[in-house]
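So the chains spell out like this:
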Amino acid sequence: MGKRIAVIGGGAAGMTAAIRAAQAGASVTLYERNDRVGKKILSTGNGKCNFSNEKMGADCYYGSGRALVDAIYETFGVRETKDFFAKLGMQIKDRDGYLYPASGQAATVLDVLRYELERLSVSVHTGQRVINIAVESNGLTVETDDQRSENYDAVILACGGKAAPKTGSDGDGFLWAKKLGHRIIPTVPALVALRCEEDFYKRVAGVRCDARLTLHIDGQPIRIEQGELQWTDYGISGIPVFQLSREAAYALKGHKTVTVKIDLMPELCEDDGSYSRFWAERWERQGGQTMEQFVTGSVNKKLGLLLLKMAEIKETEKAESIEPFRRKRLEELYHSFTVKVNETNTFDQAQVCAGGIDCREVTDTLESRIVEGLYFAGEILDIDGVCGGYNLQWAWSSGTVAGQTAAGN
């Protein structure tokens, strides 16, 4: 008879762990506190579910679990993930290495996982909250809020971190892990927008532009990202901002000064002289224009007018009348527009929770080094990836390894 296994958390990692354990012959019970499984999957990739990426490796991840990535992915990586979903009936579309369901719907990913849970007769308990996990002489006991308790040979904690708590990830798993002896690395929101100090944001809210962003912590450049920057009424957002947000969040948590330098003309370079040539030619060619006309066409008009105000140049002034020091000030704003970050958005708006269970207390098969029979999968561990399908790939891979190992395979 197969092992009795409980999986706590019905997200991407939890469903995968349950499926893999059941495929290996275990009798599996899946506990999900929401009224249905996979709620968070539906919102990924703007509802299209970028579920993996052909470019994969440890350099795309952070946290104490970074060292685990390559070993786990050797067992179950991108190729195996594609094969796994193909066997479940899902066709896959590759967009420059970013992998999506061919249907363009995140619901497809969830549906094929649900169907497989049903086919394997996994016992799914929705609307049931786990309130305690206890170590017994004959295994682990799971207690739920309806006053039931069941004993299992193994328990897989896959209940996420703190990101998007409305989907069920409210940090409960950290409490259980800590009670069972595990160290929790402090958590912060990641892949999240940044809230900034300046008072001009309402003037440019909704504007999108290509930009190169450099994160500075206590005045030192830390990381550079480029892509579509989104201006909000409170600060900055978009994928390049999300990629910087983890380091910004930990710096803010440590009471450090965080700024972001924004290059609004990333296609022009100071080193090769293209940036200075662009401005010299523009001042000469468009000297007879008003400054409102002068900035039109270089960036979004709302941004251009804001830059003029910050350079203390009136919209009605003629370009040819602007003194060299004000010209230089305007040019520098285009190239190094700097904003001060006061905080990140909260876990409610975050795509991922950085931090979690210290992976040094976990084996390379994701079993606890402290409690025999206790396994972990997904975001509950201190490992988080950049944008682009990396966090879901970790869910599929860690869920597979935890599920198969817990089942004895």
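For the structure, check the block above.
The present account deals with the structure reproduced in this document. In this text, all values refer to a predicted model and were calculated from it rather than measured experimentally. (Residues numbered from 1 in each chain as written. Predicted model: local features only at pLDDT ≥ 70, side-chain atom pairs only at ≥ 80, totals over all residues. Heavy atoms only, no water.)

### Overview of the overall build of the chain
1) Next: Regarding its fold elements, the chain presents 12 helices and 21 strands.
2) Next: Counting only C-alpha atoms and orienting by the principal axes, one finds that the chain spans roughly 85 × 45 × 35 Å.
3) Next: Here the chain, with 409 residues, has 56% of them falling under the buried criterion.
4) Next: Taking all contacts inside the chain whose residues are at least 6 apart in sequence as the whole, residues at least 24 apart take part in 71%. (Helix = DSSP H or I, 4+ residues; strand = E, 2+ residues; numbered from the N terminus. Buried < 20%, exposed > 50% of the residue type's maximum accessible area, 1.4 Å probe, protein only. Contact = heavy atoms within 4.5 Å.)

### Digging into the sheet that holds strand 20 (residues 374-376)
1) Next: Taking strand neighbours across the sheet as the criterion, the five strands line up as 7-2-1-11-20 in an open arrangement whose pairing is parallel. The sheet is open, and its two borders are formed by strand 7 (123-126) and strand 20, each paired with just one other strand. The mean angle between the axes of side-by-side strands here comes to 20 degrees, regardless of whether they run parallel or antiparallel.
2) Next: Summarising the sheet, strand 1 (residues 4-8) and strand 2 (residues 27-32) pair through five bridges and their orientation is parallel. When the bridges of strand 2 are listed, Ile5 appears paired with Val28. (Pairing = 2+ DSSP bridges. Axes fitted to C-alpha atoms, helices over the stretch in contact; angles between N-to-C directions.)

### Comments concerning the nonpolar core
1) Next: With 84 residues, the main nonpolar core has Phe85, Leu113, Leu381 and Trp396 as its most contacted residues.
2) Next: Here Phe85 is in contact with Phe51, Met90, Val109, Val112, Leu113 and Trp396, once residues within four sequence places are set aside.
3) Next: Among the nonpolar cores identified, the runner-up in size contains 47 residues, and Val260, Val299, Leu303 and Val339 belong to it. (Core = buried A, V, L, I, M, F, W, Y, C linked by side-chain atoms within 4.5 Å.)

### Structural notes on the side chain of Thr144
1) Next: You can see Thr144 is positioned in strand 9 (residues 139-144).
2) Next: Overall, the relative accessible area of 3% leaves Thr144 in the buried class.
3) Next: Ignoring sequence-local partners within four residues, the contact set of Thr144 consists of Tyr31, Gln128, Arg129, Val130 and Ile131.

### Things to note about the layout of surface pockets
1) Next: Quantified by volume, the second largest pocket comes out at close to 180 Å³.
2) Next: Lining the second largest pocket are Glu270, Tyr275, Ser276, Trp279, Lys328, Glu331, Glu332, His335 and Ser336.
3) Next: Split by residue class, the lining of the second largest pocket holds two nonpolar, three polar and four charged. (1 Å grid on protein atoms, 1.4 Å probe; cavity = no way out; pocket = protein on both sides within 12 Å on 5 of 7 lines; lining within 4 Å. Points joined across faces, edges and corners; volume = space filled by probe spheres on them. Nonpolar A, V, L, I, M, F, W, Y, C, P; charged D, E, K, R; others polar.)

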